[in-house]
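# Structural overview
Given next are the chains, with one letter for each unit.
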Amino acid sequence: MEFTRIPHPAPTDAQTRDALIADPGFGKIFTDHMAVIEYDEAKGGWHAASLGPREPIALDPAASVLHYAQEIFEGMKAYAQADGGMALFRPQENARRFNASARRMAMPELPEELFLEAIQHVVAADKDWFPPVEGGSLYIRPFMIATEAFLGVRPATQYKFIVILSPAGNYFKSGVPAVSIWQSEYTRAAPGGTGAAKTGGNYAASLVPTGEAFERGHDQVLFLDAVEKKWVEELGGMNLFFVMRDGRVITPPLTGTILPGITRESLMKLLSEEGRDVREEPYSIDQWRGDAASGDLVEVMACGTAAVVTPVGKVDSKDGEFVIGNGGPGELTSKIRERLVGIQRGSIEDTHGWVMRLG
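Analysis parameters
- Residues numbered from 1 in each chain as written.
- Predicted model: local features only at pLDDT ≥ 70, side-chain atom pairs only at ≥ 80, totals over all residues.
- Heavy atoms only, no water.
- Buried < 20%, exposed > 50% of the residue type's maximum accessible area, 1.4 Å probe, protein only.
- Helix = DSSP H or I, 4+ residues; strand = E, 2+ residues; numbered from the N terminus.
- Pairing = 2+ DSSP bridges.
- Phe/Tyr/Trp six-rings, centres within 6.5 Å; stacked < 30°, edge-to-face > 60°.
- Lys NZ or Arg CZ within 6 Å of the ring centre and 35° of its normal.
- Salt bridge = Lys/Arg side-chain N within 4 Å of Asp/Glu carboxyl O.

## Details of the pairing of strand 3 (residues 45–53)
Extensive coverage of strand 3 is indicated by the burial of seven of its nine residues. When strand 1 (residues 3–5) meets strand 3, the two strands line up parallel, connected through three bridges. Note on strand 3: the bridge partner recorded for R5 is L51. Where strand 2 (residues 33–40) meets strand 3, seven bridges bridge the pair, whose relative direction is antiparallel. Each residue of the ladder has a partner; that of H33, found in strand 3, is P53.

## Considering unusual backbone geometry
You will see that K229, though not glycine, has its phi angle at about 55 degrees, which is positive. A positive phi angle, near 60 degrees, is found at V308, a position not held by glycine. Structurally, V308 is set in strand 16 (residues 308–316).

## So, the packing of aromatic side chains
The description of an aromatic ring pair rests on the distance of the ring centres and on the angle between the ring planes. In this structure the tally under the stated criterion is 11 aromatic pairs. Relative to Y139, the ring of F26 has its centre 5.1 Å away and its plane inclined at 70 degrees; by these criteria the two rings are edge-to-face. One end of the pair, F26, is in the loop between helix 1 (14–21) and strand 2; the other, Y139, is in strand 7 (residues 137–146), and 113 residues separate them in sequence. Seen in terms of ring centroids, F89 and W354 are 5.5 Å apart; in terms of plane orientation they differ by 80 degrees. Their pairing is edge-to-face. Of this pair, F89 sits in strand 6 (residues 86–89) while W354 sits in the loop between helix 9 (331–344) and strand 18 (355–358); the two residues are 265 residues apart in sequence, bridging distant segments of the chain. The pair F89 / W354 is uniform in exposure class, with both members buried. By the ring-pair criterion, three or more aromatic residues cluster together here, those being F242, Y283, W288 and F322. The cationic tip of R154 hangs over the ring face of F150; the distance from NZ or CZ to the ring centre is 3.8 Å. Its end group placed over the ring of W182, R216 keeps NZ or CZ at 4.2 Å from the ring centre.

## Quick word on the pattern of salt bridges
Between side chains of opposite charge, pairing is possible as soon as their charged atoms come close. Enumeration according to the criterion identifies 20 salt bridges in this entry. Residue E109 pairs with R103 through a salt bridge whose shortest N-O separation is 3.3 Å. Here R245 and D296 are joined by a salt bridge, their closest N and O atoms 2.5 Å apart. Placement of R245 in the loop between strand 12 (239–244) and strand 13 (248–251) and of D296 in the loop between helix 8 (285–294) and strand 15 (297–304) is noted, with a sequence separation of 51 residues between them. Classification of D296 by relative accessible area gives partly exposed; the value is 31%.

## Here's the deal with the pairing of strand 7
Burial runs high along strand 7: nine of the 10 residues are buried. In the sheet, strand 4 (residues 71–73) pairs with strand 7 via three bridges, with the strands oriented antiparallel. By the bridge assignment, F73 is partnered in strand 7 with F143. Here three bridges tie strand 5 (residues 76–80) to strand 7, and the two strands are oriented antiparallel to one another. In the sheet register, M76 faces strand 7, and the bridge partner there is I140.

Following this line, the structure appears as structure tokens:
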């Protein structure tokens, strides 16, 4: 599919851009361009691909996304490479997960090659927005919304796929060596629901408990299962790994109620290569508290695209708090983070074919 190039009438000047990316934070600053691809069932599907200025989207007040929440998205990063280039990390997996989310939300699938091409166009157009900060990246947000003006309850017939970029620095504001989490009494997703889809409604449900965590001085919120309210599932935006004293590493299984993280799956492979016995098995909050007290649990790591690999130092709840290990980063967490980041940034050999070079 040909992408029509729409000239930007007033791109950000270099001085303003450089000032913005000097301290970008996370998710607050956006680059000049976006890619858009239209979908219309009556016109045969996907058409009208374009790369143009990032600008507001015109939506009819009856657009399906506003009433029935037909929306999905992905989270990715473009990483600076040791030789000065840029690369994506396992973008084909993002494309596949995007389409899995589309199927669950009754939305049209986007050909994987078109998903990747749209991302490449935007990154190439805005490569000068890469932030010159430690651990900086270009955060990539591909998303799809239902645009048909129709108030009947059925899947829409018209959609927009859009890609925007945001220069990113550190995900967590606290800057502490390990994050603190709050165990919520709310649940994120139930069996048979949309927990495995990367759709906005799942994150909307997490906003109240996330706010509670922030109010109590914590960095993230922890969700338990919706049925028994005892099994650990995931954090507000990250998967979890539990490192045991005997060398085992446990991560909650994919039961359809948690997001199948690409970083999670990558860590499982890297940890196995480190000789660890990696197990996908249920792990309860009572086990977590007990194992932390006895010393059987030595480290906990959270992982996701935005935060990469982050040590968990403390868990708090209405039943009181407990600390994991010494409350700081563990040896394995630090080692596996260094290896993953090294692969992503080209300083460690990519033996898995995970890195896609740009340009």
